[in-house]
Amino acid sequence: SDADRAAEQRDHLAAVMGVDDQAERLRFWHALRLQQGRTADADDIADQLAERPTDWLGCTAIVVLAESGRITEAEERYRSVVQRGAGALGPLPRFHGVCASNLALLAALFADEQGARLFEGWLAPHAEQLPRGATMLHCGAHHLAMLAAVQGRDEAAHNWFELAVRVHERTPAPLLAADTQMEWARFCSATGDTTRAIELATQARAAGEQHRSPGIEGQARLLLNSLGRARADSADTTAPEASPKQMDQGSS
């Protein structure tokens with residue numbers, strides 16, 4: 001499939017670049033297995049990463065645990081990192097953009113406004129950069145959008161999401177663009193913009209179908225079904241009640 005071929009290309013590129021950190025490579029394979037809908041394999045990878053210590057790169061393990069649905073375990077580790085402070089994690093590794101992206105994603109996931117403000121400053125210089133050679137992670141703008149949403153800055157969130165989609169499309173990284181569209185659609189849904197949410201989720205579903213990503217396609221279908229039900233419920237509650245005369249006419 002397209003996803004499998006992309007996996008081989010990305011793994012080869014990582015080897016050529018000398019990127020041999022086990023945590024980051026495992027995160028890549030975890031993300032790929034989720035895109036392929038192979039959740040059992042993804043869970044096995046999460047178990048391997050869960051054994052890592054919580055240093056800068058250990059934050060990768062927290063992201064993977066969260067993506068695997070092990071939210072409580074992931075949040076406990078994240079809160080421990082924030083409480084200890086960045087200094088306890090040791091010196092930043094050479095690919096610190098990855099670390100900033102990881103922590104920003106976690107702050108958004110756990111609605112941590114204090115962490116969002118802190119990590120936003122670290123991530124801002126990487127807004128249009130895709131860490132690790134544009135092969136694995138979203139550009140910084142994707143996470144900056146999520147951090148803005150956590151802080152209630154809706155206009156900024158929309159602007160960052162729009163930039164992230166453009167960056168991913170021109171890379172080109174169509175599945176990253178689709179994933180950003182899904183996050184943007186969820187944000188629009190949460191803020192009451194159902195029409196825009198449906199438009200974005202429809203675009204993401206089409207990309208998932210085109211590039212054979214069952215994970216993204218499935219997420220988009222679930223969201224679209226949910227949005228369709230919500231719109232139908234809204235129409236039912238806002239429809240005017242029929243008058244007695246109308247009811248009589250309808251029965252005649």
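Further up the page is the structure itself.
A brief look at the structure comes next. These figures come from a predicted structure and were not determined experimentally.

The rules we used
Every chain's residues receive numbers from 1 upward, in the order its sequence appears when written. With the structure being a predicted model, the display of local features is reserved for residues of pLDDT at least 70 and the display and counting of side-chain atom pairs for 80 or more, all residues being used for whole-chain, interface and lining totals. Water and hydrogen atoms were dropped before computing side-chain values, which therefore reflect all heavy atoms in the structure. Working definition: helices are DSSP H or I runs of at least four residues, strands are E runs of at least two. Numbering for both runs from the N terminus. For every residue, the accessible area obtained with a 1.4 Å probe (protein chains only) is divided by the maximum for its type, and the residue is called buried under 20%, exposed over 50%, and partly exposed between those limits. Contacts are assigned to residue pairs with any non-hydrogen atoms lying within 4.5 Å of each other. Per-residue and other accessible areas follow the Shrake-Rupley method at a 1.4 Å probe size, with only the shown protein chains counted as cover for residues. Buried residues of nine kinds, namely Ala, Val, Leu, Ile, Met, Phe, Trp, Tyr and Cys, make up a nonpolar core once their side-chain atoms join them within 4.5 Å. Axis lines are fitted to C-alpha atoms, over the contacting stretch for helices. Their N-to-C directions set the angle, which ranges from 0 to 180 degrees. In what follows, roughly perpendicular refers to angles from 65 to 115 degrees, roughly parallel to angles under 35, roughly antiparallel to angles over 145, and oblique to any angle outside these ranges. Should the near helix be turned anticlockwise from the far one by less than a right angle, the crossing is left-handed, and should it be turned clockwise, the crossing is right-handed. For this classification, the nonpolar set comprises Ala, Val, Leu, Ile, Met, Phe, Trp, Tyr, Cys and Pro, the charged set comprises Asp, Glu, Lys and Arg, and every other residue, Gly included, is treated as polar. In summary, the pairing rule links any two rings of Phe, Tyr or Trp, Trp by its six-membered ring, whose centres are within 6.5 Å, and it sorts them by plane angle into stacked for under 30 degrees, edge-to-face for over 60 and tilted for everything else. Any Lys or Arg side-chain nitrogen found within 4 Å of a carboxyl oxygen on Asp or Glu counts as a salt bridge. Residues scored as positive are Lys and Arg, those scored as negative are Asp and Glu, and His as well as the terminal groups of each chain are ignored. Definition of a polar contact: a pair of N or O atoms within 3.5 Å, with one able to donate and the other able to accept a hydrogen when the atoms are protein atoms, and with sequence-neighbouring residues admitted only if both atoms are side-chain atoms.

Re the overall build of the protein
Here is step 1 of the chain: In terms of regular secondary structure, the protein is built from 13 helices and zero strands.
Here is step 2 of the chain: Tracing the protein from N to C terminus, the helices and strands come up as α-α-α-α-α-α-α-α-α-α-α-α-α.
Here is step 3 of the chain: The burial tally for the protein puts 45% of its 252 residues in the buried class.
Here is step 4 of the chain: Expressed as a percentage of contacts within the protein between residues at least 6 apart in sequence, the contacts between residues at least 24 apart total 59%.
Here is step 5 of the chain: For the protein, the accessible surface area stands at approximately 12,500 Å², while carbon and sulfur atoms represent 50% of it.

Topic: the nonpolar core
Here is step 1 of the chain: Judged by nonpolar contacts, the single largest core of 48 residues is most densely connected at Tyr78 and Trp184.
Here is step 2 of the chain: Setting aside residues no more than four positions away along its own chain, Trp184 makes contact with His158, Phe161, Glu162, Val165, Arg196 and Leu200.
Here is step 3 of the chain: Counting eight residues, the second-largest nonpolar core is a separate cluster that includes Leu130, Cys139, Leu163 and Ala173.

Things to note about the packing of helix H7 (residues 113-123) against helix H8 (residues 140-150)
Here is step 1 of the chain: For the pair H7 and H8, interaxial distance at closest approach is 9 Å and the crossing angle is 150°. Considered as vectors, H7 and H8 are oriented roughly antiparallel to each other. Of the two possible hands of crossing, H7 and H8 adopt the one that is left-handed. Of the residues in H8, those touching H7 at Glu113, Ala116, Phe119, Glu120 and Leu123 are Gly140, His143, Leu144, Leu147 and Val150.
Here is step 2 of the chain: Looking at the contact of H7 with H8, its residues break down into six nonpolar, two polar and two charged.

Examining unusual backbone geometry
Here is step 1 of the chain: Residues Thr171 and Pro172 are joined by a peptide bond in cis, for which omega reads -5°.
Here is step 2 of the chain: Along the chain, the position of Pro172 falls in the loop between helix H9 (154-170) and helix H10 (174-190).
Here is step 3 of the chain: Phi is positive for Ala111, close to 50°, though the residue is something other than glycine.
Here is step 4 of the chain: As for its position among the elements, Ala111 is in the loop between helix H6 (96-109) and H7.
Here is step 5 of the chain: Residue Ala111 is classed as exposed on the basis of its relative accessible area of 54%.
Here is step 6 of the chain: Despite not being glycine, Arg212 shows a phi value in the positive range, around 55°.
Here is step 7 of the chain: Here Arg212 shows up in the loop between helix H11 (194-210) and helix H12 (214-238).
Here is step 8 of the chain: Given the relative accessible area of 48%, Arg212 is considered partly exposed.

Focus: the environment of Ala164
Here is step 1 of the chain: Following the sequence through the fold, Ala164 ends up in helix H9.
Here is step 2 of the chain: Sequence separation between Ala164 and Ala145 is 19 residues; the distance between their C-alpha atoms is 8.4 Å.
Here is step 3 of the chain: For Ala164, the residues in contact, after removing those within four places along its chain, are Cys139, Ala141, His142 and Thr180.

Description of the packing of aromatic side chains
For any pair of aromatic rings, the description consists of the separation of the ring centres together with the inter-plane angle of the planes.
Here is step 1 of the chain: Counted by the stated rule, this structure contains three aromatic pairs.
Here is step 2 of the chain: Taken together, a centroid distance of 5.5 Å and an interplanar angle of 35° make the contact between Tyr78 and Phe110 tilted. Here the residue Tyr78 occupies a position in helix H5 (residues 71-84), and Phe110 occupies one in the loop between H6 and H7, the gap between them amounting to 32 residues. Both residues of the pair, Tyr78 and Phe110, count as buried.
Here is step 3 of the chain: Taking 6.1 Å as the distance between ring centres and 40° as the angle between the ring planes, the aromatic pair formed by Phe161 and Phe187 counts as tilted. Residue Phe161 is found in helix H9, and its partner Phe187 is found in helix H10; the two are separated by 26 residues along the sequence.

Notes on the pattern of salt bridges
Here is step 1 of the chain: For the coordinates displayed, the defined rule picks out 10 salt bridges.
Here is step 2 of the chain: One salt bridge in this structure joins Glu113 and Arg117, with 4.0 Å as the shortest N-O distance. In this pair, Glu113 and Arg117 are both assigned in helix H7, four residues apart and thus about one turn of the helix distant.
Here is step 3 of the chain: Of the residues examined, Glu113 reaches a relative accessible area of 41% and is grouped as partly exposed.

Focus: the side chain of Asp112
Here is step 1 of the chain: The topology assignment puts Asp112 in the loop between H6 and H7.
Here is step 2 of the chain: One buried charge, Asp112, has no salt-bridge partner; the nearest side chain with opposite charge is Arg79, at 4.0 Å.
Here is step 3 of the chain: In this structure the side chain of Asp112 is engaged in a polar contact, spanning 3.2 Å, whose partner is the backbone nitrogen of Gly115.

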